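Report on the structure
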Protein chains: 2
Amino acid sequence: MSGIPMERPELGEDETAVLSGLADRVRELVEATVLTSVDSAEVAAVAAEVEALTARLAAERRDAPPFVPSSERRMDRQIGNPVTGALNPVAPPVELTVSSDGIVRGEFTLSPVYEGPPSYVHGGVSAMVLDQVLGMAAAASGTPGMTATLETRYRRPTPLGVPLSVEAKASRVEGRKVYASGTISGPDGRVTVEATAMFIMPQRFVPHS
Amino acid sequence: MSGIPMERPELGEDETAVLSGLADRVRELVEATVLTSVDSAEVAAVAAEVEALTARLAAERRDAPPFVPSSERRMDRQIGNPVTGALNPVAPPVELTVSSDGIVRGEFTLSPVYEGPPSYVHGGVSAMVLDQVLGMAAAASGTPGMTATLETRYRRPTPLGVPLSVEAKASRVEGRKVYASGTISGPDGRVTVEATAMFIMPQRFVPHS
């Protein structure tokens, strides 16, 4: 329906590094945009320059975000992912690793760009991060799937501007369904948000038996 | 803990318009960053220019996103909100209205910047949008609060690049708790994601009786 292709070009290492560097700079520009208090004439002048840079990048564009090749170091080929993608300026990004016992872990810090209640992380942003991390835990169990249900419980406010930890693990697999749970914790180690989710592997990905 | 102030300056109409224009241009730059396939030398050159623009905006910066004055036309003072904020380039943004019967509605389209499974909206992004819209429905009932629980059920994939509808309504209030539910629907009117949530009004906001 959307005309977005399923197949994607795979970036090489050099191209990945250069594009990730651009995404880092754009992420900084996003934060500067939300927080700037320079005068309106300067804001308008910067906006015009941003428009010109967009035109330069859009001179050759893909229909969808590229992927990177699978490797042991990377959990995820989707380098344009809005939570973990180094290529995506809206992603904090949350960098994840998976241990041999299947636990997915990451550390991240959220700027005021992700504010909900004044001085705290937006509850929806926490839910977005947990959906991604629980989904990675499901994939790490060997049963990647699409989210079917996500339940998020907020124990206390999650602070902005300090290191946060996230971790998740798949708890059980039933055919094409996989269940996972996880948490976000503040710098004091106390859990701020916990989540459980169920993912379902699309029928087309089920191995023939 | 984070040192982010609770009180915020209120932007005037002209300043709001100019900053929203900048955010629109940066939102376009974000999409161009995720999709560009220009050569690496050009990517690096653009990145250097973005860095210079960030420095210009950061010459005077606030510690936290500004607010706009309350008005009948606006539901939300948080113009830097990561879901609905016109000032925030990571927000799609989702523009919401509230009807006299307390139903909050909005329309929005998500670019490939918000992709999860190839060609579909990231499940966490849908959860983020629903948290915001259900929270606005809670506030519209007269009981604004912070998210305590959010349950999201995914009925079918949500497509990118086409108009989506979101709506929510508060169902009941019990003291400081308010319950709300809502949905995201595709252009064919079929519900793709549904959610229920419970919000709790912080003690400090409870009117003295």
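All residue numbers refer to position in the chain's written sequence, counted from 1. The order in which chains are written sets their letters, starting at A; the order in which ligands are written sets their numbers, starting at 1. Residues qualify for local features only when their pLDDT is at least 70, as the model is predicted, and side-chain atom pairs are given and counted only at 80 or more; totals for whole chains, interfaces and linings, by contrast, use all residues. With hydrogens and water stripped out, all remaining heavy atoms of the structure feed into the side-chain values.

The subject of this paragraph is the overall build of chain A. Of regular secondary structure, chain A possesses 3 helices and 6 strands. Moving toward the C terminus, one meets the helices and strands of chain A in the order α-α-β-β-α-β-β-β-β. Counting across all 209 residues of chain A, residues that qualify as buried make up 53%. As displayed, chain A has an accessible area near 8900 Å², and 50% of this comes from carbon and sulfur atoms. The sign given to each residue is positive for Lys and Arg and negative for Asp and Glu; His and the chain ends receive no count. To locate a charge, take NZ of a lysine, CZ of an arginine, CG of an aspartate or CD of a glutamate. Positive and negative charge centroids in chain A, built from 19 and 26 side chains respectively, lie 9 Å apart. Secondary structure elements are taken from DSSP: a helix is a run of H or I of four residues or more, a strand is a run of E of two residues or more, and numbering for both begins at the N terminus. Here's how the labels work: a residue is buried when its accessible area is under 20% of the maximum for its type, exposed when over 50%, partly exposed in between, all with a 1.4 Å probe on protein chains only. Only the protein chains shown count as cover for residues, and the accessible areas themselves come from Shrake-Rupley with a 1.4 Å probe.

On to the interface of chain B and chain A. Interface extent is often summarised as the accessible area lost during association of the parts. Listed by partner, the interface residues are 86 residues for chain B and 86 residues for chain A. By convention, the term buried area covers the 1.4 Å-probe accessible surface removed from two parts as they join, with the contributions of both added. A combined buried area of about 7800 Å² lies between chain B and chain A, and 68% of that area is made up of carbon and sulfur atoms. It is L35(B), R56(B) and L57(B) in chain B that bury the most area against chain A; as a group they hold 8% of the surface buried on that side. R56(B) serves as the salt-bridge partner of E42(A), at 2.9 Å between the closest nitrogen and oxygen. In the analysis that follows, any N or O atom pair within 3.5 Å is treated as a polar contact, provided that within protein one partner can donate a hydrogen and the other can accept it, and provided that, for residues neighboring in sequence, both atoms belong to side chains. In this structure, the connection of chain B to chain A is made through 24 residue pairs in polar contact (both at pLDDT 80 or more). Secondary-structure elements contributing two or more residues to the side of chain B that touches chain A are helix 1 (13–35), helix 2 (40–58), helix 3 (123–140) and strand 3 (146–154) of chain B. The criterion used for residue contact is that any of the two residues' heavy atoms lie within 4.5 Å. Each reported salt bridge corresponds to a side-chain nitrogen of Lys or Arg within 4 Å of a carboxyl oxygen of Asp or Glu.

Before going further, it helps to examine the sheet that holds strand 2 (residues 104–108) of chain B. Only strands that DSSP links by at least two bridges are regarded as paired with each other. A sheet is described by the order of its strands in space; here 12 strands give the open sequence 1(A)-2(A)-4(A)-5(A)-6(A)-3(A)-3(B)-6(B)-5(B)-4(B)-2(B)-1(B), paired in antiparallel fashion. Edge positions in the sheet fall to strand 1 (95–98) of chain A together with strand 1 (95–98) of chain B, since each of these pairs with one other strand and no more. On average, adjacent strands in this sheet sit at an angle of 20° to one another, irrespective of strand direction. The sheet contact formed by strand 3 (residues 146–154) of chain A and strand 3 of chain B spans 5 bridges and is antiparallel. Orientation is described by lines fitted to C-alpha atoms, with helices fitted over the stretch in contact, and by angles between N-to-C directions that extend from 0 to 180 degrees.

Looking now at the pairing of strand 1 of chain A. Where strand 1 of chain A and strand 2 (residues 104–108) of chain A come together, 4 bridges link them in antiparallel fashion. By the bridge assignment for strand 2 of chain A, E95(A) is matched with E107(A).

Let us now look at the UniProt feature "domain: Thioesterase" (unreviewed entry) in chain A. UniProt positions are given in the numbering used here, feature names are shortened, and annotations may be inferred rather than shown by experiment. According to UniProt, the "domain: Thioesterase" (unreviewed entry) feature falls on residues 120–191 of chain A. Each end of residues 120–191 of chain A is marked by a C-alpha atom, and these two atoms are 14 Å apart; helix forms 25% of the span and strand 42%.

Take the packing of aromatic side chains next. Between the rings of Phe, Tyr and Trp (Trp by its six-membered ring), a pair exists once the centres lie within 6.5 Å; its type follows the angle of the planes, with under 30 degrees stacked, over 60 edge-to-face, and the other angles tilted. Applying the stated criterion across every chain yields a total of 0 aromatic pairs over all chains. The aromatic ring of Y179(A) is capped on one face by R172(A), whose charged end is 4.0 Å from the ring centroid. Sitting over a ring, as applied to charges here, requires NZ of Lys or CZ of Arg to be within 6 Å of the ring centre and within 35 degrees of the ring normal.

Each of the two copies of the chain can be brought onto the other by a rotation about an axis and a shift along it. Each copy superposes on the other: chain B lies on chain A with an RMSD of 0.0 Å after a rotation of 180° and an axial shift of 0.0 Å. Expressed as an axis order, the relation between the two copies is that of a two-fold axis. Taking C-alpha positions as the reference, the residue of chain B nearest the rotation axis is E151(B), at 2.2 Å. Mapped onto chain A, 100% of the interface residues of chain B are again interface residues, and the two copies thus contact each other with one and the same surface. The copies are overlaid by a least-squares fit using only the C-alpha atoms of residues whose pLDDT is at least 70 in both copies.

Here we come to the nonpolar core. As used here, the term nonpolar core means buried Ala, Val, Leu, Ile, Met, Phe, Trp, Tyr and Cys residues forming a set that is joined through side-chain atoms within 4.5 Å. Counting residues in each nonpolar core, the largest one holds 112 residues, and the members touching the most others are V166(A) and V166(B). Either an automatic procedure or a domain database provided the assignment from which the domain bounds are taken. Residues from two domains meet in this core; each of domain 1 (1–69) and domain 2 (95–205) of chain B gives at least three. Residues contacting V166(B), with those up to four places away along its chain left out, are V94(B), L96(B), V104(B), R105(B), G106(B), F108(B), V129(B), L130(B), V133(B), T183(B) and I184(B).

To continue, consider unusual backbone geometry. The amide bond that connects P92(A) to the next residue, P93(A), takes the cis arrangement and shows omega of -15°. Structurally, the position occupied by P93(A) is in the loop between helix 2 (40–57) and strand 1. Positioned with a positive phi, S119(B) is a non-glycine residue whose angle comes to about 80°. Position of S119(B) relative to the elements: it lies in the loop between strand 2 and helix 3. On the accessibility criterion, S119(B) (8% relative accessible area) is buried.

As a further point, take the pattern of salt bridges. All names here are of chain A. Scanning all chains against the criterion turns up 26 salt bridges over all chains. Linking R155 and E194 is a salt bridge whose minimum nitrogen-to-oxygen distance equals 2.5 Å. Remark: E194 occurs in strand 6 (residues 191–200) and R155 occurs in the loop between strand 3 and strand 4 (164–174); sequence separation between them is 39 residues.

Residues and elements named next belong to chain A. Of the strand pairs in this sheet, strand 3 and strand 6 are connected by 8 bridges, and their pairing is antiparallel. Bridging across to strand 6, T147 finds its partner in F199. Looking at chain direction, strand 5 (residues 177–185) and strand 6 are connected through 9 bridges and run antiparallel. The residue of strand 6 that forms the bridge with G182 is A195. As consecutive antiparallel partners, strand 5 and strand 6 are separated by 5 residues, and within that stretch G189 has a phi angle of approximately 85°, a positive value.

All names here are of chain A. For a helix, the expected span equals 1.5 Å multiplied by the residue count minus one. With 18 residues, helix 3 (residues 123–140) ought to run about 26 Å at 1.5 Å a step, and its terminal C-alpha atoms sit 26 Å apart, in line with that. Of all 18 residues making up helix 3, 16 are buried, and the element is well covered by its neighbours. Directly beyond the C-terminal end of helix 3, a positive phi value near 95° is found at G142.

Helix packing for two helices is described by the angle between their axes and how far apart those axes are. It is at 10 Å that the axes of helix 1 (residues 13–35) of chain A and helix 1 of chain B come closest, and there the two elements cross at 165°. One way to sum up the angle between helix 1 of chain A and helix 1 of chain B is to call them roughly antiparallel. At the point where helix 1 of chain A passes helix 1 of chain B, the crossing takes the left-handed sense. Listed contacts from helix 1 of chain B to L19(A), L22(A), A23(A), V26(A), L29(A), V30(A) and T33(A) of helix 1 of chain A are L19(B), L22(B), A23(B), V26(B), L29(B), V30(B) and T33(B). Note on terminology: angles under 35 degrees are roughly parallel, angles over 145 are roughly antiparallel, angles of 65 to 115 are roughly perpendicular, and the others are oblique. In a left-handed crossing the near helix is turned counterclockwise from the far helix by less than a right angle, and in a right-handed crossing that turn is clockwise.

Attention now moves to the environment of D14(A). Looking at the secondary structure, you find D14(A) in helix 1. With relative accessibility at 63%, the residue D14(A) sits in the exposed group.

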